[in-house]
Amino acid sequence: MARRTKTKVVAGLGVVAGALGLGAFNSSFDVSVQPEITNEVFAPHFSYHCIESEIAPPLDNHGQLTVAVWNIYKQQRPNWRSALASFTQKSDLVLLQEASLNTELQTYLNDSQWQVRMANAFRFLDTPAGVMNLSRVSSRQTCAYLAMEPWLRLPKSALLSQFALSNGQTLAVVNLHGVNFAIGLNEYKQQLDSLKAVLEQHQGPIILAGDFNTWRKARIKVVRAFAHSLGLKEVHYHNDQRVRVLGKPLDHLYYRDLRLVTAEAPKTDASDHNPLLATFKLVSPTVH
């Protein structure tokens, strides 16, 4: 069990409290000082860094792979459950940001057939919050990562997973919630660089997705440079309703060694973000 530290965080600005999804400005958080991950829905036991599975069938469905990416806003909107079910009914992989493992989400997951992997960023009122992967089959390995927000001293989390594919390849998947409250770019770059060592060694398909908090041009340049260094392409949407701040989209989906079939970002009122929905086809293996 990773060691925890109790941190008192005071958010004196309404915009900060709103971004955290909190009604109170003065709140205690149980913050993890090490990356933690769980595959349990009820009474989750978070273990350090990685979970491996001996049995990991192919994630794709006869060479087709459907992915949903969504910042679920800690399930604060009353219609989150029906929206999630609708967006993901045909998905093989669902990448959630700002998932709060409260009773309602636990019940939803218990009633579903999803394999769950969650990275714990922090606990609020004893409820874990962070990024979460839902997949049709178990990953071979999923590892958690943390990056500290420099102002709020609350972490942002990421998951890096390895999935088997039916063509014999291994798919690397990154589910990222980007550092937000930072003036410069150092913390933002460091968060991406913490994943780069693993991704640079990976041979085969990659999916990089999540809420990158790219609300300024300099942040978008950092993400694009990172994606380009790994040979990733950005998904473009025929119905692009992605949420924008200062005219810049916050959510992104990048890919490599897959063929994009369809992609859309439909509008919803079930969160403060709109989902990204994409379908890919496997392609013949290439060497990097």
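The structure under discussion appears in the preceding block.
Small disclaimer: the values here were computed from a predicted structure and weren't measured.

1. A short note on the packing of aromatic side chains
Tallied over the full model, the rule gives four aromatic pairs. Taking 5.2 Å as the distance between ring centres and 85° as the angle between the ring planes, the aromatic pair formed by Trp-70 and Phe-87 counts as edge-to-face. Taken together, the positions of Trp-70 in strand 6 (residues 64–71) and Phe-87 in helix 2 (residues 80–88) put the pair 17 residues apart, joining distant regions of the chain. By relative accessible area, which is 3% here, Trp-70 ends up buried. Judged by centre distance (5.8 Å) and plane angle (65°), the rings of Trp-80 and Tyr-108 are edge-to-face.

2. Quick notes on the environment of Phe-29
Locating Phe-29 in the fold gives a position in strand 2 (residues 26–32). Sequence spacing of Phe-29 and Asp-126 is 97 residues, and the spatial spacing of their C-alpha atoms is 8.3 Å.

3. With respect to the side chain of Thr-88
For Thr-88, the position within the fold is in helix 2. Not counting residues within four places of it along the chain, the set of residues in contact with Thr-88 comprises Ala-68, Val-94, Tyr-108 and Trp-114.

4. Focus: the sheet that holds strand 5 (residues 50–52)
Pairing is mixed across the open sheet formed by seven strands, whose spatial order is 5-11-12-13-14-18-15. What marks the edges here is a single partner per strand, and that holds for strand 5 and strand 15 (233–234). Pairing of strand 14 (residues 206–211) with strand 18 (residues 251–256) involves six bridges; the strand directions are antiparallel. Bridge pairing in strand 18 links Gly-210 to His-252. Strands in contact with helix 4 (residues 186–201) are strand 11 (141–148), strand 12 (155–164), strand 13 (170–177) and strand 14; relative to strand 13, the strand with the most contacts, it is inclined by about 175°.

5. Side note on helix 2
Here helix 2 has its buried residues at Trp-80, Ala-83, Leu-84, Phe-87 and Thr-88. Projection of helix 2 onto a plane perpendicular to its axis shows the buried side chains occupying an angular sector of 110°, all on one side. Where the residues of helix 2 are buried, they touch strand 6, strand 7 (93–100), helix 3 (103–110) and strand 20 (276–282).

6. Quick notes on unusual backbone geometry
Located in the positive-phi region is Tyr-73, a residue other than glycine, with phi close to 60°. Topologically, Tyr-73 is positioned in the loop between strand 6 and helix 2. Under the relative-accessibility criterion, Tyr-73 is labelled buried at 15%. Phi is positive for Lys-74, which is not a glycine, with a value near 55°. Structurally, Lys-74 can be placed in the loop between strand 6 and helix 2.

7. Observations concerning the pairing of strand 12
Counting buried positions along strand 12 yields ten of ten residues, so the element is predominantly enclosed. Across the two faces of strand 12 the burial is the same, with Pro-155, Ser-157, Leu-159, Ser-161 and Phe-163 and Lys-156, Ala-158, Leu-160, Gln-162 and Ala-164 all buried. As paired strands, strand 11 and strand 12 are joined by eight bridges and run antiparallel to one another. Looking across to strand 12, one finds that Ala-144 is bridged to Leu-159. Note: strand 12 against strand 13, seven bridges, orientation antiparallel. When the bridges of strand 13 are listed, Leu-159 appears paired with Asn-175. Here strand 12 folds back onto strand 13 in antiparallel fashion, the turn holding five residues, of which Gly-168 has a positive phi close to 90°.

8. Details of the environment of Gly-130
Mapped onto the elements, Gly-130 comes out in strand 10 (residues 127–135). Sequence separation between Gly-130 and Leu-176 is 46 residues; the distance between their C-alpha atoms is 9.7 Å. Excluding residues that lie within four positions of it along the chain, Gly-130 makes contacts with Leu-96, Gln-97, Glu-98, Ala-99, Met-118, Ala-119, Ala-121 and Ser-157.

Rules used in this analysis
Residues numbered from 1 in each chain as written. Predicted model: local features only at pLDDT ≥ 70, side-chain atom pairs only at ≥ 80, totals over all residues. Heavy atoms only, no water. Phe/Tyr/Trp six-rings, centres within 6.5 Å; stacked < 30°, edge-to-face > 60°. Helix = DSSP H or I, 4+ residues; strand = E, 2+ residues; numbered from the N terminus. Buried < 20%, exposed > 50% of the residue type's maximum accessible area, 1.4 Å probe, protein only. Contact = heavy atoms within 4.5 Å. Pairing = 2+ DSSP bridges. Axes fitted to C-alpha atoms, helices over the stretch in contact; angles between N-to-C directions. Arc of directions from axis to C-beta.

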